[in-house]
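Topology and contacts: notes
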Amino acid sequence: MMVITAPTSVIGRMLVDDLLDRGASLRLVVRDASRLGPRVRERAEIVVGSHGDAGVIDRACAGADAVFWLAPADPAASGTEAAYLDFTRPACTAFARHGGDRVVGISALGRGTPLAKQAGLVTASLAMDDLIAASGVAYRAVVCPSFMHNLLNQARAVRERGVFSMMIDPDLKAPTVATRDIAATAARLLLDETWQGAGEVACLGPEDLSPGGMARIISEVLGSRVEYRQVIGAAFKERLTGFGTSEAMAQAMVDMFDAKNRGLDNAAPRTAEATTPTTFRQWCEDVLKPAVRA
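Attention here is on the structure that accompanies the text.

Calculation notes
Residues numbered from 1 in each chain as written. Predicted model: local features only at pLDDT ≥ 70, side-chain atom pairs only at ≥ 80, totals over all residues. Heavy atoms only, no water. Pairing = 2+ DSSP bridges. Helix = DSSP H or I, 4+ residues; strand = E, 2+ residues; numbered from the N terminus. Axes fitted to C-alpha atoms, helices over the stretch in contact; angles between N-to-C directions. Contact = heavy atoms within 4.5 Å. Parallel < 35°, antiparallel > 145°, perpendicular 65-115°, else oblique. Left-handed = near helix turned anticlockwise from the far one by under 90°. Salt bridge = Lys/Arg side-chain N within 4 Å of Asp/Glu carboxyl O. Buried < 20%, exposed > 50% of the residue type's maximum accessible area, 1.4 Å probe, protein only. Polar contact = N/O pair within 3.5 Å; in protein donor to acceptor, adjacent residues only side chain to side chain. Arc of directions from axis to C-beta. Phe/Tyr/Trp six-rings, centres within 6.5 Å; stacked < 30°, edge-to-face > 60°. Expected span 1.5 Å × (residues − 1).

With mixed pairing, the three strands of this open sheet are ordered in space as 7-9-11. Each edge of the open sheet carries a strand with a single partner, namely strand 7 (146-147) and strand 11 (208-209). As judged from the two bridges shared by strand 7 and strand 9 (residues 174-177), these two strands associate in the parallel manner. Note on strand 9: the bridge partner recorded for Phe147 is Val177.

For sheets, the rule is that strands pair by backbone hydrogen bonds, running either parallel or antiparallel. One open sheet holds the seven strands; their spatial order is 3-2-1-4-5-6-10, and the pairing between them is parallel. If you trace the sheet from one side to the other, it starts and ends with strand 3 (45-48) and strand 10 (198-202), each paired once. Within this sheet the neighbouring strands show an average axis-to-axis angle of 20 degrees, counted without direction. Relative to strand 3, strand 2 (residues 26-30) runs parallel, the two sharing four bridges. Residue Val29 lies in a different strand from strand 3, and its bridge partner there is Val47. Strands in contact with helix 4 (residues 80-98) are strand 4 (66-69) and strand 5 (102-108); relative to strand 4, the strand with the most contacts, it is inclined by about 175 degrees. Across the sheet, helix 7 (residues 179-191) lies against strand 1 (2-5), strand 4, strand 5, strand 6 (138-144) and strand 10, angled at about 155 degrees from strand 5, the strand it touches most.

Another point: the packing of helix 4 against helix 5 (residues 121-134). Running from amino to carboxyl end, helix 4 crosses helix 5 at an angle of 15 degrees, the nearest separation of the two axes being 9 Å. By the angle between their axes, helix 4 is roughly parallel relative to helix 5. The two elements helix 4 and helix 5 cross, and the hand of that crossing is right-handed. Contact with helix 4, carried on its side by Thr80, Tyr84, Leu85, Thr88, Arg89, Cys92 and Phe95, involves Leu121, Ala124, Ser125, Ala127, Met128, Leu131 and Ile132 of helix 5 and no other residues of that element.

The next thing to look at is the pattern of salt bridges. In this structure the tally under the stated criterion is 17 salt bridges. Measuring nitrogen to oxygen at the nearest pair gives 3.4 Å for the salt bridge that ties Glu81 to Arg89. A salt bridge links Lys260 to Asp265, with the shortest nitrogen-to-oxygen separation between them at 2.6 Å. When sorted by exposure, Lys260 lands in the same class as Asp265, which is buried.

Counting through the fold element by element, Ser107 comes out in strand 5. Assessed through its relative accessible area of 7%, Ser107 is described here as buried. Only 3.5 Å separates the side chain of Ser107 from the backbone oxygen of Ser125, close enough to count as a polar contact.

This brings us to helix 9 (residues 233-242). Taken as a whole, helix 9 has its buried residues at Gly233, Phe236, Lys237 and Leu240. Buried residues in helix 9, looked at end-on, bunch into an arc of 100 degrees, giving them a common side. Facing away from the buried side of helix 9, by more than 90 degrees, are the exposed residues Ala234, Glu238 and Gly242. Of the residues trailing helix 9, Gly244 is marked for its positive phi of about 105 degrees.

Further remarks concern unusual backbone geometry. At Ala6, a position not held by glycine, the phi torsion is positive, near 50 degrees. Residue placement: Ala6 occurs in the loop between strand 1 and helix 1 (10-21). Residue class for Ala6 comes out buried when judged on its relative accessible area of 13%.

Before going further, it helps to spend a moment on the packing of aromatic side chains. With the rule as written, the count across this model stands at five aromatic pairs. For the pair Trp69 and Phe87, a centre-to-centre distance of 5.9 Å together with 45 degrees between the ring planes defines the contact as tilted. Taken together, the residues span a long stretch of sequence, with Trp69 in strand 4 and Phe87 in helix 4 at a distance of 18 residues. Residue classification places Phe87 among the buried residues on the basis of a relative accessible area of 14%. Summarising the aromatic geometry, the rings of Phe280 and Trp283 are spaced 6.0 Å apart at their centres and angled 25 degrees between planes, so their arrangement reads as stacked. With a gap of three residues between them, Phe280 and Trp283 both fall in helix 11 (residues 280-293), about one helical turn apart. Residues Phe280 and Trp283 agree in their burial class; the two are buried. A connected cluster of aromatic rings, assembled from ring pairs, spans Trp69, Phe87 and Phe95.

With that settled, consider the environment of Pro290. Secondary-structure assignment places Pro290 in helix 11. Note: C-alpha distance between Pro290 and Gln230 (60 residues apart in sequence) is 25 Å. If sequence neighbours within four positions are ignored, Pro290 has contacts with Cys284 and Glu285.

Between the first and last C-alpha of helix 10 (residues 247-261) there are 21 Å, a value that for 15 residues agrees with the 21 Å anticipated at 1.5 Å per step. Of all the positions in helix 10, only Met249, Ala250, Ala252, Met253, Val254, Met256, Phe257, Ala259 and Lys260 are classed as buried. Two residues or fewer past helix 10, Gly263 is found with a positive phi of approximately 105 degrees.

None of the figures reported here should be taken as evidence of function without further support.
Given below as structure tokens:
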């Protein structure tokens, strides 16, 4: 029995489909079961509620062999400790109580680097990993750079103004990864009963790209010119708070991108295991292009 948290998230949906195709027995923790497809509802056990709730996660973990852990985005949280550590503490109690074999979580690159100590959301993600590992379960953190998927938030700007923007230096080459590859890595780890202890598995995509390089690829895929514009931290923070992000979480986002600009995502070695298959061009063809044209 595998427990899957956040099964309606971008990664969670793909993970659930993959595991069901492989015949896995799944127990899904979800706030709103109506967001699950009919096939999923028919074939998986459902526990309704938040996986940050002690009673809910305790029921879900009873008798489970493996758990997929994903702390949900909470832009309105009072701070990163509330969003990551406080949210995860009840699960760690459940892991220790029920003694499941292994937990696979989604986290960030940067462990062991000086930059990781002041990297906002990344710092909190790494502390969350430590908290889970300390519960005594075998734990693997799937550590990732920025997601290609995040560009979907700017599909309208690309369509209407031919531009996308981030805080990242336009010439900084860094890894970026497709969520489909993250889900595939998580599925592989959940199905593998041989690993023990605590550790990380990096997902780095197949290549390092700068925002300027991304703009060229997007332009070629769409057949129209798309430009990249870098925004400064203060403007980025103002944009986030304007959308309802709390002051603390907005600052944590700025701190994260500051660390990325100083090489946070470039510290992990690009090994064969860390190199995932989906290219940025392929992702643009499959995902971004339909979204821009929708």
